[in-house]
Amino acid sequence: MSTDTFEAWGFFRAWLRNPLRIAAIAPSGAALARLITSEISSDTGPVIELGPGTGAFTRAIIGRGVPQTELALIEFEPKFAAALRTRYPQATVFRMDAARLSSIELFNHRPVGAIVSGLPLLAMSPLQVTKILAAAFQKMSPGGGFYQFTYGLRCPVPAKVLSRLGLKAVRIGGTLANIPPAAVYRIHKIEQ
């Protein structure tokens, strides 16, 4: 069995156990991984990935030049977290709910340049989304971006939440080569 087939089968089994938490029946494809990481480079600085699952975006982030030592992976699903620790031994892997992001310190208190999210925000309450984004931007350097994909037609973060937190979402692209097709948004602080 190929690695991709093995990952897809494991992902599907995790979805069967908890469809609302996983929210997709297959891991993200290479086209989506390229798109969501397209603005990340070795100059970005530390990167946090929320909900890395089987690591499709993780591989793309590392492929953009971000060393594993500059990568923190926040994953709730125990089997995914264990696999990520094995595949990326130099990255910091936390097996926890992303809503608890504010409770941990990363990178010796250095701000991160980007956060890549594979979280199913559309399946979360506005309160959960607010908590995750507020914590994310507390850890972000000025000008940093929060990258989120969606299978929907618009940004998965409600406009009220964006407004309350002083954030703006910009669609950076979409891909039909993913199953299902997806769009990516860069969420950033509105400059005062």
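Owing to the predicted nature of the structure, the values given are computational and were not obtained by experimental measurement. (Residues numbered from 1 in each chain as written. Predicted model: local features only at pLDDT ≥ 70, side-chain atom pairs only at ≥ 80, totals over all residues. Heavy atoms only, no water.)

## Let's talk about helix α4 (residues 56-63)
Taken together, the buried positions of α4 are occupied by Ala-56, Phe-57, Thr-58, Ala-60 and Ile-61. Along its buried surface, α4 packs onto α3 (30-36), β1 (47-50), β2 (71-75), α5 (78-87), β4 (112-117) and β5 (140-150). (Buried < 20%, exposed > 50% of the residue type's maximum accessible area, 1.4 Å probe, protein only. Helix = DSSP H or I, 4+ residues; strand = E, 2+ residues; numbered from the N terminus. Contact = heavy atoms within 4.5 Å.)

## A closer look at the pairing of β4
In terms of residue burial, β4 counts as a mostly covered element, since 6 of its 6 residues are buried. In this sheet, β4 lies alongside β1 in parallel orientation, the contact comprising 4 bridges. When the sheet's bridge partners are listed, Val-47 is paired in β4 with Ala-114. Here β4 pairs with β5 via 5 bridges, running parallel. (Pairing = 2+ DSSP bridges.)

## As for the pattern of salt bridges
Going through the model one piece at a time under the given rule, you end up with 2 salt bridges. With a closest N to O distance of 3.1 Å, Glu-39 and Arg-186 form a salt bridge. Taken as a pair, Glu-39 in the loop between α3 and β1 and Arg-186 in strand β7 (residues 182-189) lie far apart in primary sequence, 147 residues in all. Given the relative accessible area of 40%, Glu-39 is considered partly exposed. Taking the shortest distance from any N to any O, the salt bridge between Arg-110 and Glu-70 comes out at 2.7 Å. Taken together, the residues Arg-110 in the loop between β3 (92-95) and β4 and Glu-70 in the loop between α4 and β2 connect sequence positions 40 residues apart. You can call Arg-110 partly exposed: its relative accessible area is 39%. Overall, the relative accessible area of 18% leaves Glu-70 in the buried class. (Salt bridge = Lys/Arg side-chain N within 4 Å of Asp/Glu carboxyl O.)

## Considerations on the confidence of the model for the protein chain
Residue-level pLDDT values for the protein chain average 88, and 85% of them are 70 or greater. Counting contacts from residues 1-6, a segment whose pLDDT is below 50, to residues more than four positions away or on other chains yields 1 contact. In this model, residues 20-26 is a region of pLDDT below 50 whose contacts with residues beyond four sequence positions or in other chains number 21 contacts. (pLDDT = per-residue confidence, 0-100.)

## Re α5
Looking at α5, one finds that the buried residues are Phe-80, Ala-81 and Leu-84. One face of α5 carries all of its buried residues, which in axial projection span an arc of 100°. Away from the buried face of α5 by more than 90 degrees, exposed residues Lys-79 and Thr-86 are located. (Arc of directions from axis to C-beta.)

## A few points about the side chain of Thr-37
Tracing the backbone through its elements, the reader meets Thr-37 in the loop between α3 and β1. Setting aside residues no more than four positions away along its own chain, Thr-37 makes contact with Phe-57, Ala-60, Ile-61 and Arg-64.

## Focus: the packing of aromatic side chains
In total, this model carries 3 aromatic pairs according to the counting rule given. Ring centres 5.7 Å apart and planes at 85° place the aromatic pair Phe-57 and Phe-149 in the edge-to-face group. Linking Phe-57 in helix α4 with Phe-149 in strand β5, this pair joins segments that are 92 residues apart in sequence. Exposure remark for Phe-149: the relative accessible area of 9% places this residue in the buried category. Relative to Tyr-151, the ring of Phe-149 has its centre 5.3 Å away and its plane inclined at 70°; by these criteria the two rings are edge-to-face. An aromatic cluster is defined as three or more aromatic residues linked by ring pairs; in this entry it consists of Phe-57, Phe-149 and Tyr-151. Directly above the aromatic system of Phe-76 lies the positively charged group of Arg-95, at a separation of 4.9 Å from the ring centroid. (Phe/Tyr/Trp six-rings, centres within 6.5 Å; stacked < 30°, edge-to-face > 60°. Lys NZ or Arg CZ within 6 Å of the ring centre and 35° of its normal.)

## Topic: the sheet that holds strand β6 (residues 167-175)
Strand pairing in a sheet relies on backbone hydrogen bonds. The paired strands run either parallel or antiparallel. One open sheet holds the 7 strands; their spatial order is β3-β2-β1-β4-β5-β7-β6, and the pairing between them is mixed. A single partner strand is all that each edge strand has here, and the edge strands are β3 and β6. Strand-to-strand twist of the sheet, defined as the mean angle between neighbouring strand axes without regard to direction, takes the value 20°. Strand direction decides the pairing type here: β2 and β3, joined by 4 bridges, are parallel. (Axes fitted to C-alpha atoms, helices over the stretch in contact; angles between N-to-C directions.)

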